[in-house]
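Listed below, chain by chain, are the residues.
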There are 2 protein chains.
Amino acid sequence: MDGRAIIFCEGCFGNEYGKTAHGLVRHTDRYAVVAVIDSGFAGRDAGEVLDGRKSGVPVIDSLADAPAADYLVIGFAPDGGRLPRSCRQVVIDAMRRGLGIDSGLHEFLSEDAEFAALARRENVAIRDVRRPPPRGRLHFFSGDILTVRAKRVAVLGTDCALGKRTTATLLVRDLRAAGIGAEMIGTGQTSWLQGVRYGIMLDSIVNDFVGGELEHAIVEADRRESPDVIVIEGQASLTHPAGAGGFEILGSGRPQGVVLQHAPGRRTHSGYPEFPIPPLAVHIDTIESLFASRVIAIGLNPEGLDAGAAAKTAAKLEERHGIPVCDPLTEGTDKLVSATTAL
Amino acid sequence: MDGRAIIFCEGCFGNEYGKTAHGLVRHTDRYAVVAVIDSGFAGRDAGEVLDGRKSGVPVIDSLADAPAADYLVIGFAPDGGRLPRSCRQVVIDAMRRGLGIDSGLHEFLSEDAEFAALARRENVAIRDVRRPPPRGRLHFFSGDILTVRAKRVAVLGTDCALGKRTTATLLVRDLRAAGIGAEMIGTGQTSWLQGVRYGIMLDSIVNDFVGGELEHAIVEADRRESPDVIVIEGQASLTHPAGAGGFEILGSGRPQGVVLQHAPGRRTHSGYPEFPIPPLAVHIDTIESLFASRVIAIGLNPEGLDAGAAAKTAAKLEERHGIPVCDPLTEGTDKLVSATTAL
């Protein structure tokens, strides 16, 4: 474990831009999370705001109210990945208190002249976790993916920010609990912040090397850990206008199985209301007809539906598509574990 | 025009790794091409080797036989984009003769200490054309693509290296000849080397900004040139294991029409014989069901088929899919121009 962390998520906790913070409140092996900063929820329990379950992590108003800690972690992910100007002061204040800064933004805070000078003066580190390996060390796709012995399951989604990483994390945990050797391949900064050991920053790599780097991470996990199952965290979706992460994972990770995370209440792509999400059936057909892959289950995100409507929708989807459907956050992953072991 | 160019393509002229050289022999507004280096074809005419038509450009054995020139252009694109060790000497010799070096490799030759020192000493420039804009200047996807007034047609393919760029180039030329305002969006280094004015280096950009940069180039071309049609050069394919370029273009470029370049004689993906190419019908279904886009024509690459078999295959594909099929290199683009104007 690296140390105690305060998660900075002003204005974003509980909404789709706060997913890094949400992941860290739910689970991390890298830090002991001691507080979340978001003045809108100050005084409440972070887990309660998020999932209706106490986590013991308080939401606080500002750094002035913060307990002792070792890191300030940037806990939101704005489109484009730059630090809003209004957030510069908290980074400065944190370094002045002796906290290191961990950031998954695209804009590298360690390259900001003011931040870099202050970090030197205060003798703290700025870790830009999205910084990719240098160009000369990147792997090109080799085809070695076909030599991987573990079964591969990708958790993809019909949109961004609807629970792909959470479902993947729970599935790995529960496969292990069932005695099945499972390894996760993280593909985003939050997975790294949560302490996942194998993975890449899919959206931060030069495009031509994305497939090769993903393949390399999978091959490495397979060789070193000899797992029964490798679960690949999805990124973006198949049709999100800002990114084709789903297809990169299908093309280069060549998963035999896909768990498709889906929010039936969402009609348009996250952040882009003019871009409709194609029907679930089209997603399933595409995955199964273009690749030697099978959609083995649907991970339900009940956003916008009450409990009754969610249950009814799940039953309808199970019947229509003939595969198990569940919300891993409220129902657990039993159905996903069964579908994975049956693959 | 930048000046006279010698294209270095040792061992790759006429095969799928030489596509940069092929493009430049066929057409470029940036250079006067004075020779191609590939010892295997020395003494022959480059156009004759390539297309069976004299181009006036000689293939030569080595730099020692070269006419006077201003640039040595690296004319091959190895998987992974690094300069083979065996090719270092020709780069050195070229600079010693006072030639500038233009390279579309992923490995930036201007960052090689030996090359950089020599370039300074000889007072020549090394232009790494694949170098992307700095991170801070990259555009994130905004949705402005929906404000573009020109009709958008993407030339995608069922594989790499089967003529997408050539078809796009010919289509733009012939649309213009027919009095239709057409602008091309280049997406690779060869387009830049050919002098295309709008475009990006799709495979050289940090993944998260690929969609935004593509959108920005299209919007810019639309605003400045007010064309009737924008033709987007495809990259990679939908299912090539090393890259999902086709989906990035569909997702962010939102073309209303797609010309799908296809080589019926090719069964597996370029460079990866263990990865089969899905059927053409699956490609068409995917494009049309996931996106508000229509496949308006097939560009035929007759590789591996004799003239009779190619004609028979074209007729069969036309009948099966109900859209025009033609090999733009041998038949011209009349059918593609009609399909585009009818869109």
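### What about the overall build of chain A?
Thinking step 1. In terms of helices and strands, chain A carries twelve helices and 15 strands.
Thinking step 2. Expected size for 343 residues packed as a compact globule is a radius of gyration near 20 Å; at 20 Å, chain A falls within 12% of this value.
Thinking step 3. Overall size of chain A, expressed as C-alpha extent along the three principal axes, is 55 × 50 × 45 Å.
Thinking step 4. A burial count over chain A gives 61% of its 343 residues as buried.
Thinking step 5. Considering only contacts in chain A between residues 6 or more positions apart, those separated by 24 or more positions represent 72%.
Thinking step 6. Within the structure as shown, chain A displays about 13,100 Å² of accessible surface, and the carbon and sulfur contribution to it stands at 48%.

### Side note on the packing of aromatic side chains
Thinking step 1. Scanning the model with the defined rule gives 15 aromatic pairs over all chains in all.
Thinking step 2. The interplanar angle of 0° and the centroid separation of 3.4 Å between the aromatic rings of Phe 247 of chain A and Phe 247 of chain B together place this pair among those described as stacked. Taken together, the positions of Phe 247 of chain A in helix H8 (residues 245-253) and Phe 247 of chain B in helix H8 (residues 245-253) put the pair across two chains.
Thinking step 3. Exposure remark for Phe 247 of chain A: the relative accessible area of 1% places this residue in the buried category.
Thinking step 4. Pairing Phe 275 of chain A with Phe 141 of chain B gives two aromatic rings, centres 5.5 Å apart and planes at 70°, and the pair type is edge-to-face. Highlighted residues: Phe 275 of chain A in strand E13 (residues 272-276) and Phe 141 of chain B in the loop between strand E6 (126-128) and strand E7 (151-157), drawn from two different chains.
Thinking step 5. Given the relative accessible area of 3%, Phe 141 of chain B is considered buried.
Thinking step 6. One aromatic cluster is present, formed by Phe 141 of chain A together with Tyr 272 and Phe 275 of chain B through successive ring pairs.
Thinking step 7. If you follow Arg 131 of chain A out to its NZ or CZ, it ends over the ring of Phe 108 of chain A, 4.6 Å from the centre.
Thinking step 8. Positioned above the aromatic ring of Trp 192 of chain B, the side-chain terminus of Arg 30 of chain B is 3.6 Å from the ring centre.

### Looking at the sheet that holds strand E8 (residues 182-186) of chain B
Residues and elements named next belong to chain B.
Thinking step 1. The seven strands lie next to each other as E9-E8-E10-E7-E11-E14-E15, forming an open sheet whose pairing is parallel. The strands lining the two open edges of the sheet, one partner per strand, are strand E9 (198-199) and strand E15 (325-326).
Thinking step 2. Pairing of strand E11 (residues 257-262) with strand E14 (residues 294-300), which is carried by six bridges, proceeds in the parallel orientation. Paired with His 262 across the bridge in E14 is Leu 300.
Thinking step 3. The sheet contacts of helix H5 (residues 164-177) involve E7, E8, strand E10 (229-233) and E11, and relative to E8 the element is tilted by about 160°.

### Observations regarding the confidence of the model for chain A
Do not read the predicted coordinates in detail wherever pLDDT is low.
Thinking step 1. Averaged over every residue, the pLDDT of chain A is 95; the share at 70 or more is 100%.
Thinking step 2. Here the predicted complex carries an ipTM of 0.91, next to a pTM of 0.92.

### Points about the pattern of salt bridges
Residues and elements named next belong to chain A.
Thinking step 1. Under the definition given, this model contains 40 salt bridges over all chains.
Thinking step 2. Taking the shortest distance from any N to any O, the salt bridge between Arg 4 and Asp 70 comes out at 3.3 Å. On the criterion of sequence distance, the pair formed by Arg 4 in strand E1 (residues 3-8) and Asp 70 in the loop between strand E3 (59-60) and strand E4 (71-74) is long-range, its members being 66 residues apart.
Thinking step 3. If you follow the salt bridges from partner to partner, you end up with Asp 2, Arg 30, Asp 102 and Arg 127 in one network.

### Side note on the nonpolar core
Thinking step 1. Membership of the largest hydrophobic core comes to 94 residues, with the highest contact counts inside it found for Ile 185, Phe 247 and Leu 260 of chain A together with Ile 185, Phe 247 and Leu 260 of chain B.
Thinking step 2. Setting aside chain neighbours within four positions, we find Leu 260 of chain B in contact with Leu 156, Gly 157, Thr 158, Leu 280, His 283, Ile 284, Ile 287, Val 295, Ala 297, Ile 298 and Gly 299 of chain B.

### Details of the interface of chain B and chain A
Thinking step 1. With 45 residues of chain B at the contact, the number on the chain A side is 45 residues.
Thinking step 2. For the chain B and chain A pair, buried surface summed over both sides reaches about 3,700 Å², with 58% attributable to carbon and sulfur atoms.
Thinking step 3. By the criterion of area lost to chain A, the three top residues of chain B are Arg 135, Asn 207 and Leu 290 of chain B, representing 17% of everything that side buries.
Thinking step 4. Viewed at the interface, chain A and chain B are joined by two salt bridges.
Thinking step 5. A salt bridge links Arg 130 of chain A to Asp 208 of chain B; its shortest N-O distance comes to 3.7 Å.

### Observations regarding the packing of helix H9 (residues 280-290) of chain A against helix H9 (residues 280-290) of chain B
Thinking step 1. The contact between H9 of chain A and H9 of chain B brings their axes to 10 Å, and the two run at 160°. Between H9 of chain A and H9 of chain B, the angle falls in the class roughly antiparallel. Where H9 of chain A crosses over H9 of chain B, the handedness of that crossing is left-handed. Residues Val 282, Thr 286, Ser 289 and Leu 290 of chain A of H9 of chain A pack against Val 282, Thr 286, Ser 289 and Leu 290 of chain B of H9 of chain B.
Thinking step 2. Of the residues in the contact of H9 of chain A with H9 of chain B, the class split is four nonpolar, four polar and no charged.

### Some details on the relation of the copies chain B and chain A
Thinking step 1. When chain B is brought onto chain A, the operation consists of a screw motion whose angular component is 180° and whose axial shift is 0.0 Å, with 0.0 Å RMSD remaining. Taken together, the rotation and translation relating the two chain copies correspond to the operation of a two-fold axis.
Thinking step 2. Looking at the interface residues of chain B, 100% of them are also at the interface in chain A, so both copies use one shared face.

Rules used throughout
- Residues numbered from 1 in each chain as written.
- Chains lettered and ligands numbered in written order.
- Predicted model: local features only at pLDDT ≥ 70, side-chain atom pairs only at ≥ 80, totals over all residues.
- Heavy atoms only, no water.
- Helix = DSSP H or I, 4+ residues; strand = E, 2+ residues; numbered from the N terminus.
- Rg over C-alpha atoms; globule rule 2.2 N^0.38 Å.
- Buried < 20%, exposed > 50% of the residue type's maximum accessible area, 1.4 Å probe, protein only.
- Contact = heavy atoms within 4.5 Å.
- Areas by Shrake-Rupley, 256 points an atom, 1.4 Å probe, with all protein chains shown as cover.
- Phe/Tyr/Trp six-rings, centres within 6.5 Å; stacked < 30°, edge-to-face > 60°.
- Lys NZ or Arg CZ within 6 Å of the ring centre and 35° of its normal.
- Pairing = 2+ DSSP bridges.
- Axes fitted to C-alpha atoms, helices over the stretch in contact; angles between N-to-C directions.
- pLDDT = per-residue confidence, 0-100.
- Salt bridge = Lys/Arg side-chain N within 4 Å of Asp/Glu carboxyl O.
- Core = buried A, V, L, I, M, F, W, Y, C linked by side-chain atoms within 4.5 Å.
- Buried area = accessible area lost by both parts, 1.4 Å probe.
- Parallel < 35°, antiparallel > 145°, perpendicular 65-115°, else oblique.
- Left-handed = near helix turned anticlockwise from the far one by under 90°.
- Nonpolar A, V, L, I, M, F, W, Y, C, P; charged D, E, K, R; others polar.
- Least-squares fit on C-alpha atoms with pLDDT ≥ 70 in both.

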